[in-house]
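# Observations on the three-dimensional arrangement
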Amino acid sequence: MRVLILGGTREVSQLAVKAGAIPGIEIIVSLAGRTCQPIKTNLQTRIGGFGGREGLVNYLQTNAIALIIDATHPFAAQISFNAFTAAQRCNIPYLMLVRPQWQPVKGDRWIEVEDFKTAADLLPSLAKRVFLSIGKQELSNFIDLKNIWFLMRAIEPPAANKLVPQGHLLLQKGPFSLIDELQLLKEYQIEAIVSKNSGGKATYAKIIAARELSLPVVMVKRPKIPECDRVFDIETALNWIDSKVRSHKRK
Ligand SMILES: NC(=O)c1ccc[n+]([C@@H]2O[C@H](COP(=O)([O-])OP(=O)(O)OC[C@H]3O[C@@H](n4cnc5c(N)ncnc54)[C@H](OP(=O)(O)O)[C@@H]3O)[C@@H](O)[C@H]2O)c1
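Residues numbered from 1 in each chain as written. Predicted model: local features only at pLDDT ≥ 70, side-chain atom pairs only at ≥ 80, totals over all residues. Heavy atoms only, no water.

So, on to the site of the ligand. The full set close to the ligand counts 22 residues, and S30, R34, F50, E138 and K196 are the nearest of them. Between the ligand and G48 there is a distance of 3.5 Å, counted from a nitrogen atom to a backbone nitrogen or oxygen. Backbone polar atom of Q78 to an oxygen atom of the ligand: 3.0 Å apart, as the coordinates give it. Calculation on the ligand without its partners gives an accessible area of 830 Å², and the protein chains cover 81% of this total. Of all the secondary structure elements, the ones that give two or more residues to the shell around the ligand are β2 (26-31) and α3 (77-90). Here the shell around the ligand takes 4 residues from α3, the largest share from any one element. (Near = heavy atom within 4 Å. Polar contact = N/O pair within 3.5 Å; in protein donor to acceptor, adjacent residues only side chain to side chain. Areas by Shrake-Rupley, 256 points an atom, 1.4 Å probe, with all protein chains shown as cover. Helix = DSSP H or I, 4+ residues; strand = E, 2+ residues; numbered from the N terminus.)

Turning our eyes to something else, we now look at the sheet that holds strand β3 (residues 44-47). Strand order across the open sheet formed by 6 strands is β3-β2-β1-β4-β5-β12, with parallel pairing between neighbours. Each having just a single partner strand, β3 and β12 (230-231) make up the two edges of the open sheet. Where β2 and β3 come together, 4 bridges link them in parallel fashion. Residue pairing for β3: V29 is matched across the bridge by T45. (Pairing = 2+ DSSP bridges.)

Here the focus is the packing of helix α2 (residues 52-62) against α3. The N-to-C vectors of α2 and α3 enclose an angle of 50 degrees; their axes lie 9 Å apart at closest approach. Of the possible angle classes, the one that applies to α2 and α3 is oblique. Handedness of the α2/α3 crossing: right-handed. For the pair formed by α2 and α3, the contact residues are G52, R53, E54, L56, V57, L60 and Q61 on the first element and Q78, F81, N82, A83, T85, A86, A87, R89 and C90 on the second. Partitioned by chemical class, the residues of the contact of α2 with α3 number 8 nonpolar, 5 polar and 3 charged. (Axes fitted to C-alpha atoms, helices over the stretch in contact; angles between N-to-C directions. Parallel < 35°, antiparallel > 145°, perpendicular 65-115°, else oblique. Left-handed = near helix turned anticlockwise from the far one by under 90°. Contact = heavy atoms within 4.5 Å. Nonpolar A, V, L, I, M, F, W, Y, C, P; charged D, E, K, R; others polar.)

Here we take up the pairing of strand β5 (residues 94-97). Along any regular strand the residues' side chains alternate between the sheet's two faces. Of the two faces of β5, the one lined by Y94 and M96 and the one lined by L95 and L97 are each fully buried. Looking at chain direction, strand β4 (residues 65-70) and β5 are connected through 3 bridges and run parallel. Pairing of D70 across the sheet is with M96, part of β5. Where the polypeptide runs from β4 across α3 and back to β5, its parallel neighbour, the crossover connection is right-handed. (Buried < 20%, exposed > 50% of the residue type's maximum accessible area, 1.4 Å probe, protein only. Right-handed = clockwise from strand over helix to strand, strands pointing away.)

With that settled, the discussion passes to the packing of helix α5 (residues 178-187) against helix α6 (residues 205-213). The N-to-C vectors of α5 and α6 enclose an angle of 55 degrees; their axes lie 8 Å apart at closest approach. Considered as vectors, α5 and α6 are oriented oblique to each other. For α5 against α6, the interelement crossing comes out right-handed. Across the interface between the two elements, L178, E181, L182, L185 and K186 from α5 touch A205, K206, I208, A209, A210, E212 and L213 from α6. Its residues assigned to classes, the contact of α5 with α6 shows 8 nonpolar, no polar and 4 charged.

Its 17 residues place the ends of helix α7 (residues 234-250) 25 Å apart at the C-alpha level, agreeing with the 24 Å of an ideal helix rising 1.5 Å per residue. Lining the buried residues of α7 we find α1 (11-20), β4, β5 and β12. The N-cap residue of α7 is D233: its side-chain oxygen and the backbone nitrogen of E235 are 3.2 Å apart. (Expected span 1.5 Å × (residues − 1).)

This next bit is on the domain arrangement of the chain. Segmentation of the chain into domains returns domain 1 (2-100 + 224-250) and domain 2 (109-220). Inter-centroid distance (C-alpha atoms) of domain 1 to domain 2 is 30 Å. The interface of domain 1 with domain 2 comprises 10 residues on the first partner and 15 residues on the second. The largest share of the area that domain 1 buries against domain 2 comes from R10, R34 and F75, three residues that together contribute 55% of it. Summed over the shared surface of domain 1 and domain 2, the result is 0 salt bridges. Linking domain 1 with domain 2 are 4 residue pairs in polar contact (both at pLDDT 80 or more), by the criterion used here. For the side of domain 1 that touches domain 2, a count of residues per class yields 4 nonpolar, 3 polar and 3 charged. (Domains from an automatic or database assignment. Buried area = accessible area lost by both parts, 1.4 Å probe. Salt bridge = Lys/Arg side-chain N within 4 Å of Asp/Glu carboxyl O.)

Set out below in structure tokens:
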């Protein structure tokens, strides 16, 4: 059975390597190609878009994909909707591995917003020095805020033709420690943070640091994802794959 794992998160390499050890299956990992140096595995990996929903349907059929695990980033909703629809069209079992969201706890000063545009509209009333901890793809939403200085952090710089808000771009890859995040916020005299509700441990320290410094966090909510079978940890996803392989063998 050939299994397509749609990647884009740290969990993917772990899931793919473990799934690859299940007898009787072949794994293909698919990445969008958003970073030049994705985590390496020995598994077969393809990089780049499929060419929309139709392209994906064509790929699934041509490559005789039998199962799809969608382990994409929680904000990568387009590929999830494409994959869910394509899987239905091709009658392929589809499972989403969803990273649990962060939840506010006592001491957090979150302002939850629907999208990046709303976050940008809110900032002038909130702060003059803002940490945009949202990666490179959404920076352009903040370009018109000329009275705010931004500290921006991304793994890689945005494309040369993309405009970047005024401030300083830090190129860093997590995980980040609490000590370093506290130091960063103090050094740059940050007054507010904009974050995606990405979940996971690797980038959570900034949320704790904001709590300790009593800074507001404009938390962008996750986009809608397909109403589909979902699991929240790697082991349950592996069990799902295993059960599908067993029932396939029995047929
Ligand atoms: N994609 C990631 O790996 C990733 C990682 C971290 C954060 N994010 C965040 O998610 C948000 C949206 O990002 P996005 O534009 O990458 O996602 P998206 O809006 O869901 O996808 C846009 C297009 O990228 C291609 N694509 C995405 N994931 C793919 C995969 N695993 N394999 C093959 N093609 C894939 C597809 O192109 P076709 O239509 O041509 O098939 C898809 O339609 C941003 O805020 C970004 O920072 C994404």
